[in-house]
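Residue-level listing of the chains:
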Amino acid sequence: GRCKLMVVGQGAAGKTSVVRSLLGMPPVAEHVSTVGVDLTRTDAESWEKSKDFDSGFERQACRVAALHLAQEQAAAASKKRQSLPKRISRRVSGVMGRRRPSKKPAAPFVAEKQVELVPEAEMAQRFKYAEIKDMAGKTQSGQKIVFTIWDYAGQEVFYALHHIFLTREGGVFMVVFDMQELLDEQDQAVKYLSFWLNSIKLHASNAPIILVGTHYDQASNDENVVEEILVKNLSVDENENIVPNSAENLSFFPIDNMSREPGHASELRAAVEFSASSLDAVSQKISLRWLKVLDDLLKLDCDYVPFDTVQELATKYHAGDQTDELLSFFHELGMLVHLRATDTLHDKV
Ligand SMILES: Nc1nc2c(ncn2[C@@H]2O[C@H](COP(=O)(O)OP(=O)(O)OP(=O)(O)O)[C@@H](O)[C@H]2O)c(=O)[nH]1
Ligand SMILES: [Mg+2]
(Lines give C-alpha, C1' and ligand atoms only; values in the text may rest on other atoms or scores of the structure.)
(Ligands and ions follow the chains in the order given, each with its own letter.)
Protein backbone atom coordinates (compact mmCIF):
# COMPACT_ATOMS: atom_id res chain seq x y z
CA GLY A 1 0.00 0.00 0.00
CA ARG A 2 1.01 3.52 -0.66
CA CYS A 3 0.00 6.50 1.31
CA LYS A 4 0.57 10.22 1.32
CA LEU A 5 1.29 11.75 4.67
CA MET A 6 0.57 15.48 4.54
CA VAL A 7 2.15 17.55 7.28
CA VAL A 8 0.59 20.98 7.73
CA GLY A 9 0.34 23.69 10.38
CA GLN A 10 1.47 27.14 11.41
CA GLY A 11 4.96 28.39 10.47
CA ALA A 12 7.63 27.21 12.93
CA ALA A 13 5.15 24.89 14.66
CA GLY A 14 7.70 22.10 14.32
CA LYS A 15 6.47 20.24 11.23
CA THR A 16 9.89 19.46 9.82
CA SER A 17 11.04 18.44 13.29
CA VAL A 18 8.12 16.02 13.63
CA VAL A 19 9.11 14.42 10.34
CA ARG A 20 12.68 14.11 11.61
CA SER A 21 11.37 12.49 14.80
CA LEU A 22 9.29 10.03 12.78
CA LEU A 23 12.33 9.11 10.72
CA GLY A 24 14.57 8.73 13.77
CA MET A 25 16.81 11.61 12.69
CA PRO A 26 18.62 13.74 15.30
CA PRO A 27 16.96 17.04 16.30
CA VAL A 28 17.98 20.33 14.71
CA ALA A 29 17.90 23.29 17.11
CA GLU A 30 17.91 26.13 14.58
CA HIS A 31 14.86 26.88 12.54
CA VAL A 32 15.35 26.40 8.83
CA SER A 33 12.10 27.42 7.22
CA THR A 34 10.77 24.93 4.73
CA VAL A 35 10.36 26.42 1.27
CA GLY A 36 7.31 25.15 -0.58
CA VAL A 37 7.26 21.47 0.26
CA ASP A 38 9.82 18.82 1.16
CA LEU A 39 9.16 15.30 -0.05
CA THR A 40 10.48 12.23 1.71
CA ARG A 41 9.77 8.59 1.08
CA THR A 42 9.73 6.05 3.89
CA ASP A 43 7.90 2.89 4.90
CA ALA A 44 6.06 1.73 7.98
CA GLU A 45 8.48 -1.14 8.48
CA SER A 46 11.83 0.60 8.85
CA TRP A 47 10.78 4.22 9.20
CA GLU A 48 14.01 5.10 7.48
CA LYS A 49 14.33 7.76 4.88
CA SER A 50 14.51 6.04 1.49
CA LYS A 51 17.69 6.94 -0.32
CA ASP A 52 16.32 6.29 -3.76
CA PHE A 53 13.02 7.95 -4.34
CA ASP A 54 11.62 5.20 -6.54
CA SER A 55 8.12 3.89 -6.74
CA GLY A 56 7.29 1.12 -4.34
CA PHE A 57 6.05 -1.04 -7.15
CA GLU A 58 9.29 -0.77 -9.07
CA ARG A 59 11.22 -1.90 -6.05
CA GLN A 60 8.92 -4.90 -5.57
CA ALA A 61 9.09 -5.71 -9.26
CA CYS A 62 12.88 -5.65 -9.25
CA ARG A 63 12.98 -7.92 -6.24
CA VAL A 64 10.64 -10.50 -7.74
CA ALA A 65 12.45 -10.27 -11.06
CA ALA A 66 15.79 -10.88 -9.37
CA LEU A 67 14.41 -13.92 -7.55
CA HIS A 68 13.17 -15.41 -10.75
CA LEU A 69 16.38 -14.69 -12.54
CA ALA A 70 18.30 -16.55 -9.85
CA GLN A 71 15.89 -19.48 -10.02
CA GLU A 72 16.09 -19.64 -13.77
CA GLN A 73 19.85 -19.54 -13.76
CA ALA A 74 19.99 -22.30 -11.17
CA ALA A 75 17.72 -24.47 -13.24
CA ALA A 76 19.89 -23.74 -16.27
CA ALA A 77 16.95 -24.30 -18.51
CA SER A 78 18.00 -25.78 -21.80
CA LYS A 79 14.66 -25.26 -23.44
CA LYS A 80 14.93 -22.21 -25.62
CA ARG A 81 11.77 -20.27 -25.44
CA GLN A 82 10.45 -18.20 -28.24
CA SER A 83 11.50 -14.64 -27.59
CA LEU A 84 8.76 -12.53 -26.12
CA PRO A 85 9.31 -9.50 -28.28
CA LYS A 86 8.56 -11.69 -31.28
CA ARG A 87 5.43 -13.08 -29.68
CA ILE A 88 4.21 -9.64 -28.76
CA SER A 89 4.85 -8.16 -32.14
CA ARG A 90 2.97 -11.03 -33.71
CA ARG A 91 0.10 -10.49 -31.35
CA VAL A 92 -0.02 -6.81 -32.15
CA SER A 93 0.08 -7.42 -35.89
CA GLY A 94 -2.57 -10.10 -35.42
CA VAL A 95 -4.83 -7.59 -33.80
CA MET A 96 -4.14 -5.10 -36.50
CA GLY A 97 -4.56 -7.68 -39.25
CA ARG A 98 -7.88 -9.00 -38.07
CA ARG A 99 -9.32 -5.57 -37.80
CA ARG A 100 -7.90 -4.29 -41.06
CA PRO A 101 -7.72 -7.21 -43.47
CA SER A 102 -6.45 -4.95 -46.27
CA LYS A 103 -2.86 -5.14 -47.46
CA LYS A 104 -2.12 -1.90 -45.68
CA PRO A 105 1.05 -2.77 -43.81
CA ALA A 106 1.01 -2.16 -40.11
CA ALA A 107 4.75 -2.68 -39.97
CA PRO A 108 6.04 0.79 -39.06
CA PHE A 109 3.61 1.09 -36.19
CA VAL A 110 4.34 -2.39 -34.88
CA ALA A 111 8.05 -1.74 -34.97
CA GLU A 112 7.56 1.37 -32.96
CA LYS A 113 5.36 -0.31 -30.37
CA GLN A 114 7.65 -3.30 -30.18
CA VAL A 115 10.50 -1.19 -28.91
CA GLU A 116 8.27 0.20 -26.22
CA LEU A 117 6.98 -3.22 -25.22
CA VAL A 118 10.24 -5.05 -24.75
CA PRO A 119 11.01 -4.03 -21.17
CA GLU A 120 7.46 -4.80 -20.09
CA ALA A 121 7.51 -8.10 -21.90
CA GLU A 122 10.73 -9.05 -20.22
CA MET A 123 9.15 -8.24 -16.93
CA ALA A 124 6.10 -10.35 -17.77
CA GLN A 125 8.41 -13.25 -18.47
CA ARG A 126 9.83 -13.02 -14.97
CA PHE A 127 6.52 -12.65 -13.21
CA LYS A 128 4.21 -15.45 -12.34
CA TYR A 129 0.56 -14.70 -11.93
CA ALA A 130 0.35 -16.19 -8.45
CA GLU A 131 3.19 -14.01 -7.36
CA ILE A 132 1.46 -10.87 -8.52
CA LYS A 133 -1.53 -11.94 -6.49
CA ASP A 134 0.65 -12.63 -3.51
CA MET A 135 2.48 -9.36 -3.94
CA ALA A 136 -0.72 -7.38 -4.07
CA GLY A 137 -1.85 -9.10 -0.89
CA LYS A 138 1.35 -8.26 0.86
CA THR A 139 1.63 -4.66 -0.09
CA GLN A 140 -2.04 -4.04 0.53
CA SER A 141 -2.34 -5.88 3.82
CA GLY A 142 -0.69 -3.11 5.79
CA GLN A 143 2.46 -5.11 6.45
CA LYS A 144 4.51 -2.65 4.56
CA ILE A 145 3.04 0.69 3.75
CA VAL A 146 5.13 3.11 1.78
CA PHE A 147 4.68 6.74 2.71
CA THR A 148 5.46 9.83 0.79
CA ILE A 149 5.72 12.54 3.38
CA TRP A 150 4.75 16.01 2.23
CA ASP A 151 6.23 18.49 4.65
CA TYR A 152 4.77 21.87 3.77
CA ALA A 153 6.01 25.33 4.49
CA GLY A 154 4.01 26.99 7.24
CA GLN A 155 3.54 30.34 5.66
CA GLU A 156 0.53 31.90 4.04
CA VAL A 157 1.43 30.34 0.70
CA PHE A 158 -0.96 27.61 1.62
CA TYR A 159 -4.02 29.57 0.91
CA ALA A 160 -3.25 29.05 -2.75
CA LEU A 161 -2.39 25.39 -2.37
CA HIS A 162 -5.77 23.84 -1.87
CA HIS A 163 -5.20 21.34 -4.64
CA ILE A 164 -2.78 19.52 -2.35
CA PHE A 165 -5.79 18.05 -0.62
CA LEU A 166 -7.20 16.52 -3.72
CA THR A 167 -5.36 13.27 -3.82
CA ARG A 168 -6.40 10.06 -5.46
CA GLU A 169 -3.88 8.15 -3.44
CA GLY A 170 -5.09 7.70 0.09
CA GLY A 171 -3.87 10.47 2.32
CA VAL A 172 -3.37 10.97 6.03
CA PHE A 173 -3.09 14.49 7.43
CA MET A 174 -0.89 15.56 10.26
CA VAL A 175 -1.88 18.91 11.71
CA VAL A 176 1.00 20.21 13.80
CA PHE A 177 0.85 22.90 16.47
CA ASP A 178 3.21 24.20 19.15
CA MET A 179 1.75 23.38 22.58
CA GLN A 180 3.47 26.34 24.19
CA GLU A 181 2.22 28.68 21.46
CA LEU A 182 -1.32 27.42 21.96
CA LEU A 183 -1.08 28.28 25.64
CA ASP A 184 0.54 31.70 25.07
CA GLU A 185 -1.28 32.87 21.94
CA GLN A 186 -4.46 30.92 22.19
CA ASP A 187 -6.64 32.92 19.78
CA GLN A 188 -4.09 33.00 17.00
CA ALA A 189 -3.18 29.31 17.37
CA VAL A 190 -6.83 28.24 17.47
CA LYS A 191 -7.46 30.26 14.31
CA TYR A 192 -4.72 28.38 12.46
CA LEU A 193 -5.92 25.00 13.64
CA SER A 194 -9.47 25.81 12.74
CA PHE A 195 -8.37 26.86 9.25
CA TRP A 196 -6.63 23.55 8.68
CA LEU A 197 -9.36 21.36 10.12
CA ASN A 198 -11.98 23.12 8.02
CA SER A 199 -9.91 22.90 4.86
CA ILE A 200 -9.38 19.19 5.31
CA LYS A 201 -13.05 18.64 6.03
CA LEU A 202 -13.93 20.50 2.87
CA HIS A 203 -11.48 18.87 0.48
CA ALA A 204 -10.74 15.44 1.92
CA SER A 205 -13.72 14.77 4.12
CA ASN A 206 -12.78 11.18 4.93
CA ALA A 207 -9.06 11.58 5.46
CA PRO A 208 -7.75 10.66 8.90
CA ILE A 209 -6.27 13.57 10.83
CA ILE A 210 -3.53 13.24 13.41
CA LEU A 211 -3.14 16.26 15.68
CA VAL A 212 0.42 16.68 16.91
CA GLY A 213 1.45 19.01 19.75
CA THR A 214 5.16 19.87 19.66
CA HIS A 215 7.34 21.47 22.36
CA TYR A 216 6.14 18.93 24.90
CA ASP A 217 9.46 19.51 26.66
CA GLN A 218 8.34 23.06 27.45
CA ALA A 219 4.71 22.20 28.24
CA SER A 220 5.08 18.79 29.78
CA ASN A 221 2.47 19.27 32.50
CA ASP A 222 -0.07 21.05 30.39
CA GLU A 223 -1.39 18.36 28.09
CA ASN A 224 -4.79 18.43 29.81
CA VAL A 225 -5.03 22.23 29.58
CA VAL A 226 -4.21 21.97 25.87
CA GLU A 227 -6.80 19.22 25.46
CA GLU A 228 -9.41 21.45 27.08
CA ILE A 229 -8.66 24.33 24.72
CA LEU A 230 -8.91 22.01 21.73
CA VAL A 231 -12.21 20.54 22.87
CA LYS A 232 -13.74 23.87 23.83
CA ASN A 233 -12.72 25.81 20.72
CA LEU A 234 -12.53 23.19 18.02
CA SER A 235 -14.80 20.36 19.23
CA VAL A 236 -12.02 17.92 18.43
CA ASP A 237 -13.80 15.28 20.50
CA GLU A 238 -16.67 15.28 18.00
CA ASN A 239 -14.54 15.11 14.87
CA GLU A 240 -14.66 11.48 13.75
CA ASN A 241 -11.67 11.90 11.47
CA ILE A 242 -9.32 12.84 14.26
CA VAL A 243 -7.28 9.84 15.36
CA PRO A 244 -7.53 9.64 19.16
CA ASN A 245 -4.52 9.15 21.37
CA SER A 246 -6.23 6.44 23.38
CA ALA A 247 -3.19 5.57 25.47
CA GLU A 248 -3.11 9.04 26.98
CA ASN A 249 -6.80 9.77 26.67
CA LEU A 250 -6.13 12.82 24.50
CA SER A 251 -7.22 14.06 21.08
CA PHE A 252 -3.64 14.89 20.12
CA PHE A 253 -0.18 13.41 20.30
CA PRO A 254 2.27 15.43 22.40
CA ILE A 255 5.88 15.18 21.24
CA ASP A 256 9.26 16.54 22.27
CA ASN A 257 11.17 16.83 19.03
CA MET A 258 14.38 17.69 20.88
CA SER A 259 14.41 14.29 22.54
CA ARG A 260 17.19 11.92 21.54
CA GLU A 261 15.45 8.90 22.97
CA PRO A 262 15.07 6.39 20.15
CA GLY A 263 11.46 5.46 20.94
CA HIS A 264 10.08 8.92 21.52
CA ALA A 265 8.03 8.96 18.31
CA SER A 266 6.77 5.38 18.52
CA GLU A 267 3.22 6.27 19.49
CA LEU A 268 3.00 8.76 16.66
CA ARG A 269 4.38 6.20 14.24
CA ALA A 270 1.77 3.71 15.39
CA ALA A 271 -0.97 6.29 14.83
CA VAL A 272 0.26 6.96 11.29
CA GLU A 273 0.45 3.26 10.54
CA PHE A 274 -2.99 2.65 11.95
CA SER A 275 -4.64 5.41 9.93
CA ALA A 276 -2.83 4.38 6.77
CA SER A 277 -3.90 0.77 7.11
CA SER A 278 -7.52 1.77 7.56
CA LEU A 279 -7.24 3.58 4.22
CA ASP A 280 -5.48 0.54 2.83
CA ALA A 281 -8.47 -1.67 3.56
CA VAL A 282 -10.43 0.44 1.10
CA SER A 283 -7.88 0.11 -1.68
CA GLN A 284 -7.62 -3.61 -1.01
CA LYS A 285 -11.28 -4.07 -1.83
CA ILE A 286 -10.71 -2.31 -5.13
CA SER A 287 -7.72 -4.40 -6.10
CA LEU A 288 -9.50 -7.65 -5.22
CA ARG A 289 -12.21 -6.71 -7.68
CA TRP A 290 -9.58 -6.09 -10.30
CA LEU A 291 -8.02 -9.48 -9.66
CA LYS A 292 -11.43 -11.12 -10.09
CA VAL A 293 -11.73 -9.47 -13.50
CA LEU A 294 -8.27 -10.70 -14.47
CA ASP A 295 -9.10 -14.21 -13.22
CA ASP A 296 -12.18 -14.39 -15.40
CA LEU A 297 -10.33 -12.94 -18.37
CA LEU A 298 -7.63 -15.58 -18.16
CA LYS A 299 -10.25 -18.32 -17.81
CA LEU A 300 -11.68 -17.27 -21.18
CA ASP A 301 -8.38 -18.50 -22.64
CA CYS A 302 -8.61 -16.28 -25.71
CA ASP A 303 -5.82 -14.53 -27.56
CA TYR A 304 -7.77 -11.35 -27.32
CA VAL A 305 -11.20 -10.15 -26.29
CA PRO A 306 -13.11 -7.01 -27.20
CA PHE A 307 -12.99 -4.17 -24.73
CA ASP A 308 -16.71 -4.65 -24.05
CA THR A 309 -16.10 -8.09 -22.59
CA VAL A 310 -13.76 -6.60 -20.04
CA GLN A 311 -16.27 -3.86 -19.40
CA GLU A 312 -18.95 -6.49 -18.68
CA LEU A 313 -16.69 -8.38 -16.30
CA ALA A 314 -15.69 -5.20 -14.53
CA THR A 315 -19.34 -4.25 -14.14
CA LYS A 316 -20.06 -7.70 -12.74
CA TYR A 317 -17.54 -7.02 -10.00
CA HIS A 318 -18.75 -3.47 -9.43
CA ALA A 319 -15.70 -1.92 -11.01
CA GLY A 320 -17.35 -0.87 -14.26
CA ASP A 321 -16.11 2.66 -13.87
CA GLN A 322 -12.51 1.49 -13.49
CA THR A 323 -12.15 -0.61 -16.63
CA ASP A 324 -9.55 1.59 -18.31
CA GLU A 325 -7.67 2.00 -15.08
CA LEU A 326 -7.47 -1.71 -14.33
CA LEU A 327 -6.48 -2.49 -17.89
CA SER A 328 -3.58 -0.08 -17.80
CA PHE A 329 -2.57 -1.45 -14.41
CA PHE A 330 -2.41 -5.03 -15.69
CA HIS A 331 -0.84 -3.86 -18.93
CA GLU A 332 1.92 -2.25 -16.93
CA LEU A 333 2.39 -5.48 -15.03
CA GLY A 334 2.63 -7.31 -18.33
CA MET A 335 -0.35 -9.53 -17.54
CA LEU A 336 -2.14 -8.55 -20.71
CA VAL A 337 -1.66 -6.23 -23.64
CA HIS A 338 -3.84 -3.22 -24.01
CA LEU A 339 -2.67 -0.45 -26.29
CA ARG A 340 -4.68 2.67 -26.67
CA ALA A 341 -2.94 4.65 -29.38
CA THR A 342 -5.97 4.31 -31.67
CA ASP A 343 -9.62 3.40 -31.16
CA THR A 344 -9.04 0.10 -32.92
CA LEU A 345 -6.31 -0.82 -30.50
CA HIS A 346 -8.31 0.38 -27.56
CA ASP A 347 -11.07 -2.04 -28.50
CA LYS A 348 -8.82 -5.11 -28.23
CA VAL A 349 -7.43 -6.58 -25.06
N1 LIG B 1 12.09 22.73 22.37
C2 LIG B 1 11.54 22.29 21.25
N3 LIG B 1 11.81 22.89 20.10
C4 LIG B 1 11.23 22.43 18.97
C5 LIG B 1 10.35 21.30 19.00
N6 LIG B 1 9.94 21.08 17.73
C7 LIG B 1 10.52 22.00 16.96
N8 LIG B 1 11.31 22.82 17.70
C9 LIG B 1 12.09 23.96 17.20
O10 LIG B 1 11.20 24.87 16.58
C11 LIG B 1 11.78 25.48 15.45
C12 LIG B 1 10.92 25.27 14.22
O13 LIG B 1 10.89 23.91 13.88
P14 LIG B 1 10.63 23.38 12.41
O15 LIG B 1 10.46 21.91 12.54
O16 LIG B 1 11.63 23.86 11.47
O17 LIG B 1 9.25 24.09 12.12
P18 LIG B 1 8.36 24.02 10.79
O19 LIG B 1 6.95 23.93 11.22
O20 LIG B 1 8.86 23.00 9.88
O21 LIG B 1 8.65 25.48 10.20
P22 LIG B 1 8.33 26.00 8.70
O23 LIG B 1 8.89 25.01 7.76
O24 LIG B 1 9.03 27.34 8.62
O25 LIG B 1 6.85 26.16 8.61
C26 LIG B 1 13.17 24.88 15.32
O27 LIG B 1 14.09 25.76 15.90
C28 LIG B 1 13.07 23.59 16.12
O29 LIG B 1 14.31 23.23 16.67
C30 LIG B 1 10.08 20.68 20.25
O31 LIG B 1 9.32 19.70 20.39
N32 LIG B 1 10.70 21.22 21.35
MG1 LIG C 1 9.48 23.06 7.99
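Residues numbered from 1 in each chain as written. Chains lettered and ligands numbered in written order. Predicted model: local features only at pLDDT ≥ 70, side-chain atom pairs only at ≥ 80, totals over all residues. Heavy atoms only, no water.

As recorded by an unreviewed UniProt entry, the protein carries the name Ras-related protein Rab-27A and is attributed to Hondaea fermentalgiana.

Positioned with a positive phi, Ser 235 is a non-glycine residue whose angle comes to about 45 degrees. Note that Ser 235 resides in the loop between α8 (223-234) and β6 (253-254). The exposure class assigned to Ser 235 is partly exposed, which follows from its relative accessible area of 32%. Its identity is not glycine, yet His 318 carries a phi of approximately 60 degrees, on the positive side. Relative to the elements of secondary structure, His 318 occurs in the loop between α10 (307-316) and α11 (323-333). Residue His 318 is classed as exposed on the basis of its relative accessible area of 62%. (Helix = DSSP H or I, 4+ residues; strand = E, 2+ residues; numbered from the N terminus. Buried < 20%, exposed > 50% of the residue type's maximum accessible area, 1.4 Å probe, protein only.)

The subject of this paragraph is the pairing of strand β3 (residues 146-152). Most of β3 is tucked away, with 6 of its 7 residues classed as buried. One ladder, built from 6 bridges, connects strand β1 (residues 2-9) with β3; its direction is parallel. The residue bridging Arg 2 from the neighbouring strand is Val 146, located in β3. (Pairing = 2+ DSSP bridges.)

Once that is clear, we can look at helix α7 (residues 186-203). With 18 residues, α7 extends 26 Å between its outermost C-alpha atoms, agreeing within 8% with the 26 Å of an ideal straight helix rising 1.5 Å per residue. Within the sequence span of α7, burial applies to Ala 189, Val 190, Tyr 192, Leu 193, Trp 196, Leu 197, Ser 199 and Ile 200. (Expected span 1.5 Å × (residues − 1).)

Further remarks concern helix α1 (residues 15-22). For α1, the set of buried residues is Lys 15, Val 18, Val 19, Ser 21 and Leu 22. Along the axis of α1, the buried positions cluster into a sector of 160 degrees, meaning they face one direction only. (Arc of directions from axis to C-beta.)

This brings us to the packing of aromatic side chains. Throughout the structure, instances matching the rule amount to 2 aromatic pairs. Taken together, a centroid distance of 5.6 Å and an interplanar angle of 55 degrees make the contact between Phe 177 and Phe 252 tilted. Here Phe 252 lies in the loop between α8 and β6 and Phe 177 lies in strand β4 (residues 171-178), a separation of 75 residues in the sequence. Comparing Phe 177 with Phe 252, the two get one shared label, buried. With 5.0 Å between their ring centres and 65 degrees between their planes, Phe 195 and Trp 196 make a pair best called edge-to-face. Of the residues examined, Phe 195 reaches a relative accessible area of 21% and is grouped as partly exposed. Given the relative accessible area of 2%, Trp 196 is considered buried. The ring centre of Trp 150 lies 4.4 Å from the NZ or CZ of Lys 4, which sits over that ring. (Phe/Tyr/Trp six-rings, centres within 6.5 Å; stacked < 30°, edge-to-face > 60°. Lys NZ or Arg CZ within 6 Å of the ring centre and 35° of its normal.)

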